[in-house]
Number of protein chains: 2
Amino acid sequence: MSTPELGLPMAVPAPGLPARVRIHEVGPRDGLQNEKATVPTEVKAEFIRRLADAGLTTIEATSFVHPKWVPQLADAEELFPMVSGLPVDLPVLVPNERGLERALSLSATRVAVFASATESFAKANLNRTVDEALAMFEPVVRRAKDGGAHVRGYLSMCFGDPWEGPVPVDQVVRVCRALRDMGCDELSLGDTIGVATPGHVLRLLAALNEGGVPTGVIGVHFHDTYGQALANTLAALQHGVTTVDASAGGLGGCPYAKSATGNLATEDLVWMLRGLGIDTGVDLGRLVATSEWMAGRLGRPSPSRTLRALSHKEQ
Amino acid sequence: MSTPELGLPMAVPAPGLPARVRIHEVGPRDGLQNEKATVPTEVKAEFIRRLADAGLTTIEATSFVHPKWVPQLADAEELFPMVSGLPVDLPVLVPNERGLERALSLSATRVAVFASATESFAKANLNRTVDEALAMFEPVVRRAKDGGAHVRGYLSMCFGDPWEGPVPVDQVVRVCRALRDMGCDELSLGDTIGVATPGHVLRLLAALNEGGVPTGVIGVHFHDTYGQALANTLAALQHGVTTVDASAGGLGGCPYAKSATGNLATEDLVWMLRGLGIDTGVDLGRLVATSEWMAGRLGRPSPSRTLRALSHKEQ
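This structure is a prediction, so every number in the text was calculated from the model and none was measured.

K.L.:
Any details on the overall build of chain A? Residues and values, ideally.
P.N.:
Of the regular secondary structure elements, chain A holds twelve helices and eleven strands. For chain A, whose C-alpha radius of gyration is 18 Å, the value lies close to the compact-globule estimate of 20 Å for 315 residues. If you line up chain A on its principal axes, its C-alpha atoms span 55 × 45 × 35 Å. Burial analysis of chain A (315 residues in total) assigns 63% to the buried set. In chain A, of all internal contacts separated by at least 6 residues, the share reaching a separation of at least 24 is 76%.

Set out below in structure tokens:
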């Protein structure tokens, strides 16, 4: 990769932005979970190793969900020990107590639960009401904390919901507070269908602060379904958010499929943060090479615009 | 189109943004000029009519450049009279005095000249130095103003240049001042290769203000080559910019071609502005239908994420 060394873009900090952002890389879990192709375990391990080598320090590795629900990640028990010695944080998703025990037995030190801000999605995804789902997670979080693990609480449908439309911010604040009260160390606000715009992001963040949830525990998880992810990220950074979720190569968001979920591509995020002079520790050239390698394994092009632009220059 | 009426996204204004933005639609000129396919004149006219019907009020119609250089727009003389009765502004590009006379003879009331901020691109695009190009435009602008026309000055390579790398803001300010001094009513700052990030945008806008160029005469023209166009637009809006260039369906920026220029898609822009409660006058459903129709004429999918997302819902 020569292009990232060309000195583009010019690094020009904007006022009021953080000096450093931690990227929570979700490609190996959220990305591969939504890919049709089932990826061999060794390829997943190599993907995680290369992401770590590119400078990502938080890489969500897999999910200890029942293989029946997510066959793409049925190899969690084999995969996790193959990468757990890497000098990076490797959170894993745990859907319930059974999943948590599997993760803890492999010495996972960071776990994540996956809640919903809306009744419709809680019903569709978990077959429970929002409160029933929270009740299900409470012993999981308590047991994880007792086991010394760091717990992230994902909250999906924080902005819009395909069945319910726009999601009231108070509803999101209530569930965030519940997740915090049960012990979640960090929250990830998901725009699962990608409809959010920057004003909505700022209003939700302000409402969370007013509701007692400090910005320091909040991560943002934007989808690029409508092309809004980076503008929303900029607004969140201006509010003080320093944890941003992204997926290498935009994995999980194939633009050619109807089921496009549109994860923000880590490359597009790094391009912006680099231009803003915000430190991420990521080597863009290595990251691009890793995503190109993974795209080759999946046999399809990446939806990341930065990846495509830099790849074209290589040809 | 049913989706735009679903009420998504929630319209939530962000503090400090303008109440109204004028979209300068460049699809019929900048878009079609960069498409491989040559589009029949009647299709171009219908495209412009549908864009006007969708609520766009400034539609750059064509270019009076020599047909040898841009064969895609060789039908300017036939096309312009077919649409000039529409109740919208229809600027046309004029490369030199000859082109201006052709445009004025058809009663064009808004014209645009196309300058470069860098020597390399001035040489490549105009075979002149920056100052030689400015000298060439001076009589064009004077004659246009004498003829009562509104003049827009495009300035390309305002942020990065493929040969020169990052472009110093002072260099851009100097050329902008020259264009203003010769009488340009409006300037359009082009990120021709799409490398800009929000801090760089803010620094250039501040430098322009300090250099005597007020924000009110500045439009921004971002390319989505690296996915940065909407984040850059948000920064420009925060600075007070109210004129934003975009191309319906992202025309001219085919993501599947190496020559991707990556024009910001008007649909993606309208989605963000709509969510921010900023008035554009554009009916998103009609715009999406227009771009889908045009994509059908061109025989290829649109790179607009919003267009794809809404189209998927229709299937």
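K.L.:
Before we move on, can you summarise the interface of chain A and chain B with the specific residues and values?
P.N.:
Each side of the interface is counted separately: chain A has 49 residues, and chain B has 49 residues. Carbon and sulfur atoms supply 64% of the area that chain A and chain B bury against each other, a total of about 4,200 Å² over both sides. Linking chain A with chain B are two salt bridges. D224 of chain A is paired through a salt bridge with R305 of chain B; the nearest N and O atoms lie 3.6 Å apart. At the surface where chain A touches chain B, the tally comes to nine residue pairs in polar contact (both at pLDDT 80 or more). Element by element, the count of residues in the side of chain A that touches chain B is highest for helix α12 (residues 305–314) of chain A, at seven residues.

K.L.:
Requested: an account of the sheet that holds strand β2 (residues 58–59) of chain A, with residues and values cited.
P.N.:
All names here are of chain A. With parallel pairing, the nine strands of this open sheet are ordered in space as β2-β1-β11-β10-β9-β6-β5-β4-β3. What marks the edges here is a single partner per strand, and that holds for β2 and β3 (62–63). Contacts from helix α6 (residues 130–146) reach β5 (110–116) and β6 (150–156), with the element oriented near 170° to β5. Its contacts with the sheet place helix α7 (residues 169–181) against β5, β6 and β9 (186–190), and it is angled at close to 165° to β6.

K.L.:
Account for the relation of the copies chain A and chain B, with residues named and values stated.
P.N.:
Mapping chain A onto chain B calls for a rotation angle of 180° and an axial translation of 0.0 Å; the resulting RMSD is 0.0 Å. The two molecules are tied by a two-fold rotation axis, judged by turn and shift. Residue A231 of chain A of chain A places its C-alpha closer to the rotation axis than any other residue of that unit, at 2.0 Å. The overlap is high: 100% of the interface residues of chain A also sit at the interface in chain B, so the same surface is used on both sides.

K.L.:
Residues and numbers for the sheet that holds strand β6 (residues 150–156) of chain B, please.
P.N.:
Reading across from one edge, β2-β1-β11-β10-β9-β6-β5-β4-β3 (chain B) is the order of the nine strands in this open sheet, with parallel pairing throughout. Where the open sheet ends on each side, the last strands, each with one partner, are β2 (58–59) and β3 (62–63) of chain B.

K.L.:
Lay out the pairing of strand β5 (residues 110–116) of chain B in plain terms, naming residues and giving numbers.
P.N.:
Residues and elements named next belong to chain B. The element β5 is largely enclosed, with a buried count of six among its seven residues. Note: strand β4 (residues 92–93) against β5, two bridges, orientation parallel. Residue pairing across strands places L93 opposite A112, the latter belonging to β5. Viewed along the sheet, the connection from β4 through helix α4 (residues 97–105) into β5 turns out right-handed.

K.L.:
I'd love a proper account of unusual backbone geometry, names of residues and values included.
P.N.:
A positive phi is found at S107 of chain B, a non-glycine position, where the angle reads about 65°. Along the chain, the position of S107 of chain B falls in the loop between α4 and β5.

K.L.:
Residue-level account of α4 of chain B, with values.
P.N.:
Helical periodicity: at 3.6 residues per turn, an α-helix aligns residues three or four positions apart in one direction. Residue and element names in this part refer to chain B. Those residues of α4 not exposed but buried are G99, L100, R102, A103 and L104. Residues of α4 that are buried in the fold lie against α3 (76–83), β4, β5 and α6 (130–146). S107 lies just past α4 and shows a positive phi near 65°.

K.L.:
Describe the packing of helix α5 (residues 119–126) of chain A against α6 of chain A, with residues and values.
P.N.:
Residues and elements named next belong to chain A. Taken N-terminus to C-terminus, the directions of α5 and α6 make an angle of 55°; their axes are 8 Å apart at the nearest point. Considering the angle they form, α5 stands oblique to α6. Side by side, α5 and α6 meet where E119, A122 and L126 of the first sit next to V130, A133, M136 and F137 of the second. For the contact of α5 with α6, the residue count by class is six nonpolar, no polar and one charged.

K.L.:
Please set out the side chain of S63 of chain B residue by residue, giving values where relevant.
P.N.:
All names here are of chain B. Structurally, S63 can be placed in strand β3. Classification of S63 by relative accessible area gives buried; the value is 2%. With sequence-adjacent residues up to four places away left out, S63 is seen in contact with R29, L73, A76 and L93.

K.L.:
Could you give me a rundown of the packing of aromatic side chains, with the residues and numbers involved?
P.N.:
Inspection of the entire model under this criterion finds eight aromatic pairs over all chains. Relative to Y154 of chain B, the ring of F114 of chain B lies with its centre 5.7 Å away and its plane at 45°, an arrangement referred to as tilted. Linking F114 of chain B in strand β5 with Y154 of chain B in strand β6, this pair joins segments that are 40 residues apart in sequence. Taking the ring centre of W293 of chain A as reference, the NZ or CZ of R50 of chain A above it sits at 4.1 Å.

K.L.:
Kindly report on the packing of helix α9 (residues 229–239) of chain B against helix α10 (residues 266–275) of chain B, identifying the contributing residues and their values.
P.N.:
All names here are of chain B. Between α9 and α10, whose axes approach to 11 Å, the crossing angle comes to 45°. Relative to α10, the element α9 is oriented oblique. When you trace α9 past α10, the crossing you get is right-handed. For the pair formed by α9 and α10, the contact residues are L230, T233, L234 and L237 on the first element and D268, L269, M272 and L273 on the second. Considering only residue class, the contact of α9 with α10 consists of six nonpolar, one polar and one charged.

K.L.:
Can you tell me about the confidence of the model for chain A, naming the residues and giving the values?
P.N.:
Residue and element names in this part refer to chain A. Overall, the predicted model of chain A reaches an average pLDDT of 92, with 93% of residues at or above 70. Every residue in residues 1–6 is under pLDDT 50, and counting partners more than four places away or in other chains gives 13 contacts. In the model, residues 255–259 has pLDDT below 50 throughout and makes nine contacts with residues more than four positions away in sequence or in other chains.

Cut-off values and rules
- Residues numbered from 1 in each chain as written.
- Chains lettered and ligands numbered in written order.
- Predicted model: local features only at pLDDT ≥ 70, side-chain atom pairs only at ≥ 80, totals over all residues.
- Heavy atoms only, no water.
- Helix = DSSP H or I, 4+ residues; strand = E, 2+ residues; numbered from the N terminus.
- Rg over C-alpha atoms; globule rule 2.2 N^0.38 Å.
- Buried < 20%, exposed > 50% of the residue type's maximum accessible area, 1.4 Å probe, protein only.
- Contact = heavy atoms within 4.5 Å.
- Buried area = accessible area lost by both parts, 1.4 Å probe.
- Salt bridge = Lys/Arg side-chain N within 4 Å of Asp/Glu carboxyl O.
- Polar contact = N/O pair within 3.5 Å; in protein donor to acceptor, adjacent residues only side chain to side chain.
- Pairing = 2+ DSSP bridges.
- Axes fitted to C-alpha atoms, helices over the stretch in contact; angles between N-to-C directions.
- Least-squares fit on C-alpha atoms with pLDDT ≥ 70 in both.
- Right-handed = clockwise from strand over helix to strand, strands pointing away.
- Parallel < 35°, antiparallel > 145°, perpendicular 65-115°, else oblique.
- Nonpolar A, V, L, I, M, F, W, Y, C, P; charged D, E, K, R; others polar.
- Phe/Tyr/Trp six-rings, centres within 6.5 Å; stacked < 30°, edge-to-face > 60°.
- Lys NZ or Arg CZ within 6 Å of the ring centre and 35° of its normal.
- Left-handed = near helix turned anticlockwise from the far one by under 90°.
- pLDDT = per-residue confidence, 0-100.

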